[in-house]
Amino acid sequence: MPLTNRSTLTQFLIEERRRFPEAGGDFNALILNVALACKAIAKAVAYGELGGVLGSHETEQGGSINVQGETQKKLDVLSNEIFLRMNEWAGHLAGMASEEMEQPHPIPVCYPRGKYLLTFDPLDGSSNIDVNVSVGSIFSILRVAEGGAEATAEDFLQAGNRQVAAGYALYGPATMLVLSVGNGVHGFTLDPGLGEFMLTHPDLKVPEETQEFAINASNSRFWEAPVKRYVDECLAGKTGPRKKDFNMRWIASMVAEAHRILMRGGVFLYPRDSKDPSKPGRLRLLYEANPIGFLMEQAGGRASTGRLPMLEVQPESLHQRIGLVFGSKQEVERIERYHAETQAGDRDIPLFAERSLFRD
Ligand code: AHG
Ligand code: MN
Ligand code: MN
């Protein structure tokens, strides 16, 4: 007698695997280890202040800074450790790369090496952790060119359309795991009593049309013309060219924004801007933009740099940053069109400039 009429994550993965009789069990075991890491992080997050895990990570030298130049929170460091320990032993991976580590994590010599690569953002939206707002983890799985050997940083530099699987865990009011193994997007809710992810949201689809956008408007003076144009038109509402009112949201946890968009549509922009010329965007290609992009495309949405489909971008470095737009297909396509039109306009009239409500 089943405990419930819902599938567990394990059952879902076994049933998926039956479609590929030649597949070994490695891949499913890898996903289950990732899910276990997410459950352990969910537990640490849920204890909040009681667990002594809030605040910045302090070393003897003071606060620690990661390769991104960002101050690490205790939970950034703890979540990274959890991902490493839960995934390094099983023999499925040739290496792991994370937001919190400059170089890939080598699989300890006492364990076998496998044919997959795992990249992850162990805690996304970590500026929110001390104020008890939703955070998440993001992961992406690639195949390594040559199994059995230690992965190098170059091995991870694969375009997003080569991802085998991607997903995120959202530590919100409920903990959820949202996963694609290349056959649609499926959402699982953690049953805290059973400690199991249960399939609650099969075959998620991003609604095509929307009236909601998400962008950090404090950066508006640094935006490029096509982004200004798009946002201005949304703000102009019913009386503007879009002829409808838009709503705006900004959680500052991309996982939570991606989840909202999967549930009820919308568009998210963290575009390339001129704020810091050394950073062509805020978010990272390999463990933020690509996995979220994979999920969006698998759910019938779209992800783009504004100029190129995100999943076609050839990565150049492990921690490469990139402008990211994702969500409802029609909105992303519109933003791409505005970029293309601006480029064409720039070629015709060198001093071309967009009017903007955000302009001083
Ligand atoms: P992380 O916590 O992994 O560094 O990522 C935070 C990201 C993303 O989740 C969010 O959308 C964005 O940074 C927020 O940026 P702002 O602080 O500029 O709003
Ligand atoms: Mn992040
Ligand atoms: Mn992070």
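Just so we're clear, the structure is a prediction, and the values are computed from it rather than from any experiment. (Residues numbered from 1 in each chain as written. Chains lettered and ligands numbered in written order. Predicted model: local features only at pLDDT ≥ 70, side-chain atom pairs only at ≥ 80, totals over all residues. Heavy atoms only, no water.)

Caption draft 1: Structural view of the overall build of the chain. Looking only at helices and strands, one finds 7 helices and 16 strands in the chain. Dimensions along the principal axes, computed over C-alpha positions, put the chain at roughly 60 × 55 × 45 Å. Pairs at least 24 residues apart make up 66% of the contacts formed inside the chain by residues separated by at least 6 positions. A total of about 16200 Å² of accessible surface is found on the chain, and carbon and sulfur atoms cover 52% of it. Between the centroid of the 38 positive side chains of the chain and the centroid of its 46 negative side chains there is a distance of 5 Å. (Helix = DSSP H or I, 4+ residues; strand = E, 2+ residues; numbered from the N terminus. Contact = heavy atoms within 4.5 Å. Areas by Shrake-Rupley, 256 points an atom, 1.4 Å probe, with all protein chains shown as cover. Lys, Arg positive; Asp, Glu negative; His and termini not counted. Charge placed at Lys NZ, Arg CZ, Asp CG, Glu CD.)

Caption draft 2: Just helix 3 (residues 74–87), in detail. Taking 1.5 Å of rise per residue, the 14 residues of helix 3 would be expected to cover 20 Å, and the 20 Å separating its terminal C-alpha atoms lies within 8% of that figure. Of the residues making up helix 3, those classed as buried are L75, D76, V77, S79, N80, I82, F83, L84 and N87. Its buried side turned inward, helix 3 meets helix 2 (26–47), strand 3 (93–98), strand 4 (116–124) and strand 5 (135–143). (Expected span 1.5 Å × (residues − 1). Buried < 20%, exposed > 50% of the residue type's maximum accessible area, 1.4 Å probe, protein only.)

Caption draft 3: Examining the coordination of the manganese ion (ligand 2) more closely. Surrounding the manganese ion (ligand 2) are the protein donor atoms D121 (OD), D124 (OD) and E288 (OE), which sit 1.8 to 2.2 Å from the metal. Separating the manganese ion (ligand 2) and the manganese ion (ligand 3) is a distance of 3.7 Å, and D121 donates to both of them. Remark: E288 occurs in helix 6 (residues 285–298) and D124 occurs in strand 4; sequence separation between them is 164 residues. Each of the two residues, D124 as well as E288, counts as buried. (Donors = N, O, S within 2.8 Å, 3.2 Å for Na, K, Ca; no water.)

Caption draft 4: A look at the side chain of H92. Looking at the element boundaries, H92 is found in the loop between helix 3 and strand 3. Relative accessible area serves as the criterion here: at 10%, H92 is assigned to the buried category. Contacts of H92, omitting those with residues within four sequence positions, involve D26, A29, L30, N33, G114, K115 and Y116.

Caption draft 5: Quick peek at the coordination of the manganese ion (ligand 3). All of the protein donors around the manganese ion (ligand 3) are E99 (OE), D121 (OD) and L123 (O); their distances to the metal are 2.2 to 2.6 Å. Mapping the donors of the manganese ion (ligand 3) onto the primary sequence yields the spacing E-x21-D-x1-L. The exposure class assigned to D121 is buried, which follows from its relative accessible area of 0%.

Caption draft 6: Expanded view of the site of ligand 1. As a structural note, the neighbourhood of ligand 1 is formed by 18 residues, with E99, D124, G125, M254 and Y270 the closest of them. At 3.4 Å from an oxygen atom of ligand 1 is found a main-chain nitrogen or oxygen belonging to L123. R282 is positioned such that a nitrogen or oxygen atom in its side chain is 3.1 Å from an oxygen atom of ligand 1. At the level of elements, strand 4, strand 12 (267–270) and strand 13 (283–284) are the ones that each hand at least two residues to the shell around ligand 1. The dominant element in the shell around ligand 1, judged by the number of residues it contributes, is strand 4, at 3 residues. Viewed by domain, the shell around ligand 1 spans two of them, domain 1 (9–201) and domain 2 (212–343), each represented by three or more residues. (Near = heavy atom within 4 Å. Polar contact = N/O pair within 3.5 Å; in protein donor to acceptor, adjacent residues only side chain to side chain. Domains from an automatic or database assignment.)

Caption draft 7: Layout of the domain arrangement of the chain. The domains assigned to the chain are domain 1 (9–201) and domain 2 (212–343). Here the C-alpha centre of domain 2 lies 24 Å away from the C-alpha centre of domain 1. With 49 residues of domain 1 in contact, the opposing surface of domain 2 contributes 32 residues. Taking both partners together, domain 1 and domain 2 bury about 2900 Å²; carbon and sulfur atoms supply 62% of that area. Looking at the side of domain 1 facing domain 2, the largest losses of area belong to Q68, L157 and Y168, adding up to 21% of the total buried there. (Buried area = accessible area lost by both parts, 1.4 Å probe.)

Caption draft 8: Structural context of the sheet that holds strand 8 (residues 186–191). Across the sheet, which stays open at both edges, the 7 strands sit in the order 3-4-5-6-7-8-9 with mixed pairing between neighbours. Of all the strands in the sheet, just strand 3 and strand 9 (196–201) have a single pairing partner and so form its edges. Direction aside, neighbouring strands of the sheet carry axes that sit 20° apart on average. Pairing analysis gives 5 bridges linking strand 8 to strand 9, with the strands arranged antiparallel. (Pairing = 2+ DSSP bridges. Axes fitted to C-alpha atoms, helices over the stretch in contact; angles between N-to-C directions.)

Caption draft 9: Representation of the packing of helix 2 against helix 3. Interhelical geometry of helix 2 versus helix 3 gives an angle of 150° and a closest axis separation of 9 Å. Taken together, the axis directions place helix 2 and helix 3 in an arrangement best described as roughly antiparallel. Of the two elements, helix 2 crosses helix 3, and the hand of that crossing is right-handed. Contacts between helix 2 and helix 3 pair L30, N33, V34, L36, A37, C38, A40, I41, A44 and V45 from the former with L75, L78, S79, I82, F83, M86 and N87 from the latter. Considered class by class, the residues forming the contact of helix 2 with helix 3 number 14 nonpolar, 3 polar and no charged. (Parallel < 35°, antiparallel > 145°, perpendicular 65-115°, else oblique. Left-handed = near helix turned anticlockwise from the far one by under 90°. Nonpolar A, V, L, I, M, F, W, Y, C, P; charged D, E, K, R; others polar.)

Caption draft 10: Spatial organisation of helix 4 (residues 225–236). Between its first and last C-alpha, helix 4 extends 16 Å over 12 residues, near the 16 Å set by a 1.5 Å rise per residue. Backbone geometry just downstream of helix 4 places G237 in the positive-phi region, at approximately 60°.

Caption draft 11: Fine view of the environment of G195. With respect to the helices and strands, the residue G195 is situated in the loop between strand 8 and strand 9. By relative accessible area, which is 27% here, G195 ends up partly exposed. For the pair formed by G195 and L36, sequence separation is 159 residues and the distance between their alpha carbons is 9.3 Å. For G195, the residues in contact, after removing those within four places along its chain, are K39 and L190.

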